[in-house]
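Structure assessment
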Amino acid sequence: SIYGHEHVKMALAMSLFGAVPKNVDDKHRIRGDVNVLVLGDPGTAKSQMLKYAEATAPRAVYSTGKGASAVGLTANVHKDPMTREWTL
């Protein structure tokens, strides 16, 4: 059992169930896929939670930094206007 990490567990549950795709004015389609990027200190059960989610969902894909190309993974970094800290 993995104790704590309620936010990570909730994000993984949301990604397993997905979201509803939307068509905006029949011009723009928004996919209903929910992607999760889990970052954290070593030894915080990130891999175990992701591997469990992968085993649960038939369409899930588990990717590590070693197995992905630079083109295949994208992250967004921006400055928080309130704290003025950089966030991923």
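As the structure is a computational prediction, the values presented were derived from the model and not from experiment.

This part is about the overall build of the chain. Scanning the chain from terminus to terminus reveals two helices and four strands. Ordered by position in the sequence, the α and β elements of the chain form the string α-β-β-α-β-β. Carbon and sulfur atoms form 56% of the exposed surface of the chain, whose accessible area is close to 7900 Å².

Within the secondary structure, Ala60 sits in the loop between α2 (46-56) and β3 (78-79). Relative accessible area serves as the criterion here: at 30%, Ala60 is assigned to the partly exposed category. Note: C-alpha distance between Ala60 and Leu16 (44 residues apart in sequence) is 7.9 Å. Sequence-distant contacts of Ala60, defined by excluding residues within four places in its chain, comprise Ala53 and Glu54.

Okay, α2 next. Of the positions making up α2, those classed as buried are Lys46, Met49 and Ala53. Looking down the long axis of α2, one finds its buried residues gathered within 75 degrees of arc, a one-sided arrangement. Facing away from the buried side of α2 by over 90 degrees, the exposed positions are Gln48, Tyr52 and Ala55. If you follow the buried residues of α2, they end up packed against α1 (6-17).

With respect to the secondary-structure elements, Leu50 resides in helix α2. Between the alpha carbons of Leu50 and Val38 there is a distance of 8.5 Å; along the sequence they are twelve residues apart. Those residues in contact with Leu50 that lie beyond four places of it in its chain are Leu12, Val38 and Tyr62.

A few words on the side chain of Lys46. Looking at where Lys46 falls in the secondary structure, it is placed in helix α2. We note that Lys46 is buried and unpaired, the nearest opposite charge coming from Asp41 at a distance of 7.2 Å. Here the side chain of Lys46 touches Asp41 through a polar contact of 2.7 Å, landing on its backbone oxygen. Those residues within four positions of Lys46 in sequence are excluded, and the remaining contacts are Val38, Leu39, Gly40 and Asp41.

Basis of the calculations
- Residues numbered from 1 in each chain as written.
- Predicted model: local features only at pLDDT ≥ 70, side-chain atom pairs only at ≥ 80, totals over all residues.
- Heavy atoms only, no water.
- Helix = DSSP H or I, 4+ residues; strand = E, 2+ residues; numbered from the N terminus.
- Areas by Shrake-Rupley, 256 points an atom, 1.4 Å probe, with all protein chains shown as cover.
- Buried < 20%, exposed > 50% of the residue type's maximum accessible area, 1.4 Å probe, protein only.
- Contact = heavy atoms within 4.5 Å.
- Arc of directions from axis to C-beta.
- Lys, Arg positive; Asp, Glu negative; His and termini not counted.
- Salt bridge = Lys/Arg side-chain N within 4 Å of Asp/Glu carboxyl O.
- Polar contact = N/O pair within 3.5 Å; in protein donor to acceptor, adjacent residues only side chain to side chain.

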